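Residue strings, one per chain:
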Amino acid sequence: MRTRIVLTAVGLALLAGCATAPKQTRNICAVFDERDGLFSSWQSAAERTEKKYGVPVPILMATMYTESGFQPYARPPRIKLFGFIPWTRPSTAYGYSQALDGTWDHYQSQTGNWTARRANFADAIDFIGWYHAQNSAETGIPLNDAYNLYLAYYSGPTGYKRGDWRSNGQLQQTAQKFARMAGTYQQQLRECD
C-alpha cells in the first residue's frame with residue numbers, strides 16, 4: 001500500500017512538471033536541460049523536427065516561446081462583455097503552438113498523426129515545423145528567415161502573400177522580437193554542453 005502511494009506521488013509530481021513552463025524560457029540550454037526527462041526530451045523532439053522539415057531548432061523554439069511562453073494549455077484571453085464579464089475567446093488557438101482548430105485538423109489529416117495533441121510538446125513542435133515548412137513552400141520564404149516565417153505563421157500563407165501584416169505594426173514588432181529571440185537561441189545553442 002505504501003509503495004502504491006509513493007509511486008502515485010512520484011507520478012503526479014512528474015505530470016505536474018510537464019504541465020508548467022520551464023523556469024528560464026529565454027535560455028534554450030536551460031530549457032533543454034530542464035526538459036531532458038526519462039520519458040521525453042524536448043531537445044531530441046526539436047532536433048527530430050528540424051531533420052524532418054528543415055526548420056532550424058532556434059526558430060522552432062522561438063515560435064513556441066513567442067506563441068505560448070512554453071505553456072502547454074495556453075489560450076487567448078477571453079473577451080470581456082461590458083468590460084468585466086468573461087465572454088468568448090477571440091480564436092480557437094490552443095496549446096504550445098497556439099494552433100487554431102482548423103489548422104490543427106489539417107495538420108492531423110496531412111500527416112496522419114491523428115493522436116497528436118496541442119498540449120504535448122513533441123506533437124506541438126512537429127506541428128510548428130510542418131506549418132513553417134508548408135508556409136515556406138507556399139510563399140517562398142527561406143526556412144532560416146525567422147522574421148518572415150513568423151509573419152506567415154501568424155497571418156497564414158494567404159494573408160502573408162496578400163500583405164495583411166504590412167498594416168499591422170504590432171505584428172511587425174512581434175516578428176522583430178521573434179527574430180531576435182531566434183538569433184539569441186541560435187547563439188546559445190552553440191554553447192550548450
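Residues numbered from 1 in each chain as written. Predicted model: local features only at pLDDT ≥ 70, side-chain atom pairs only at ≥ 80, totals over all residues. Heavy atoms only, no water.

Visitor: An account of the overall build of the chain is needed here, citing residue identities and associated values.
Guide: In terms of helices and strands, the chain carries eight helices and two strands. Expressed as a percentage of the 193 residues in the chain, the buried residues total 41%. A sequence separation of at least 24 residues applies to 52% of the contacts in the chain between residues at least 6 apart. Total accessible area computed for the chain in this model is approximately 11,200 Å², and 52% of it derives from carbon and sulfur atoms. (Helix = DSSP H or I, 4+ residues; strand = E, 2+ residues; numbered from the N terminus. Buried < 20%, exposed > 50% of the residue type's maximum accessible area, 1.4 Å probe, protein only. Contact = heavy atoms within 4.5 Å. Areas by Shrake-Rupley, 256 points an atom, 1.4 Å probe, with all protein chains shown as cover.)

Visitor: Describe the side chain of Gln98, with residues and values.
Guide: Mapping Gln98 onto the fold places it in the loop between strand E2 (85-86) and helix H5 (101-111). Of note is the side chain of Gln98, whose polar atom sits 2.9 Å from the backbone oxygen of Ala74. From its side chain, Gln98 meets the backbone oxygen of Gly95 in a polar contact 2.9 Å long. Apart from residues lying up to four places away in sequence, Gln98 is in contact with Glu67, Ser68, Ala74, Arg75, Pro76 and Ala93. (Polar contact = N/O pair within 3.5 Å; in protein donor to acceptor, adjacent residues only side chain to side chain.)

Visitor: Let's hear about the nonpolar core: which residues, and what values?
Guide: In terms of nonpolar packing, the biggest core is built from 45 residues, with Phe32, Trp42, Met61, Met64, Phe121, Ile125 and Phe127 touching the most fellow members. Breaking this core down by element, the ones donating at least two residues are helix H2 (28-34), helix H3 (42-53), helix H4 (57-68), H5, helix H6 (121-139), helix H7 (146-162) and helix H8 (169-191). Counting residues per element, this core draws most heavily on H6, which supplies eight residues. Phe32 has contacts with Trp42, Gln43, Ala46, Val57, Met61 and Leu189, leaving out every residue within four places of it along the chain. (Core = buried A, V, L, I, M, F, W, Y, C linked by side-chain atoms within 4.5 Å.)

Visitor: Go over the environment of Pro77, please, and point to the residues and values.
Guide: Within the secondary structure layout, Pro77 lies in the loop between H4 and strand E1 (80-81). When the C-alpha atoms of Pro77 and Ser91 are compared, they prove to be 9.4 Å apart, with 14 residues separating the residues in sequence.

Visitor: Please give an account of the environment of Thr111 that cites residues and values.
Guide: Inspection of the secondary structure puts Thr111 in helix H5. Residue classification places Thr111 among the partly exposed residues on the basis of a relative accessible area of 31%. Considering only alpha carbons, one finds Thr111 and Trp130, 19 residues apart in sequence, at a separation of 8.8 Å. When residues no more than four places from it in sequence are discounted, the contact partners of Thr111 are Tyr53 and Trp130. A polar side-chain atom of Thr111 sits 2.7 Å from the main-chain carbonyl oxygen of Tyr107. Among the polar contacts made by the side chain of Thr111, one reaches the main-chain amide nitrogen of Asn113 at a distance of 3.3 Å.

Visitor: Describe in detail H8, supporting the description with residues and values.
Guide: The terminal C-alpha atoms of H8 lie 34 Å apart, and with 23 residues this matches the ideal 33 Å at 1.5 Å per residue to within 8%. Every buried residue belonging to H8 is among Leu171, Ala175, Phe178, Met181, Ala182, Tyr185 and Gln188, and all of these are buried. Residue Asn168 occupies the N-cap position of H8, its side-chain oxygen lying 3.3 Å from the main-chain nitrogen of Gln170. (Expected span 1.5 Å × (residues − 1).)

Visitor: Describe the side chain of Thr49, and please don't skip the residues or the numbers.
Guide: Following the sequence through the fold, Thr49 ends up in helix H3. The exposure class of Thr49 is buried, given its relative accessible area of 2%. Apart from the residues within four sequence positions on either side, Thr49 is in contact with Gly54, Leu60, Ile125, Asp126 and Gly129.

Visitor: I'd like a rundown of the confidence of the model for the chain, residues and numbers included.
Guide: Chain-level statistics for the chain give a pLDDT mean of 88 and a share of 86% at 70 or above. Within the chain, H6 carries the highest mean pLDDT (98), whereas helix H1 (residues 2-18) carries the lowest (41). A low-confidence stretch, residues 2-17 (pLDDT under 50), is modelled with two contacts involving residues beyond four sequence positions or located in other chains. (pLDDT = per-residue confidence, 0-100.)

Visitor: Talk me through unusual backbone geometry; I want residue IDs and the actual numbers.
Guide: Peptide bonds are trans in most cases, and residues, glycine excluded, mostly fall at negative phi. Of note, the phi angle at Phe70 is positive, near 65 degrees, even though the residue is not glycine. Among the secondary structure elements, Phe70 is positioned in the loop between H4 and E1. On the accessibility criterion, Phe70 (0% relative accessible area) is buried. Of note in this structure, Gln98 is not a glycine but carries a positive phi near 55 degrees. Overall, the relative accessible area of 13% leaves Gln98 in the buried class.

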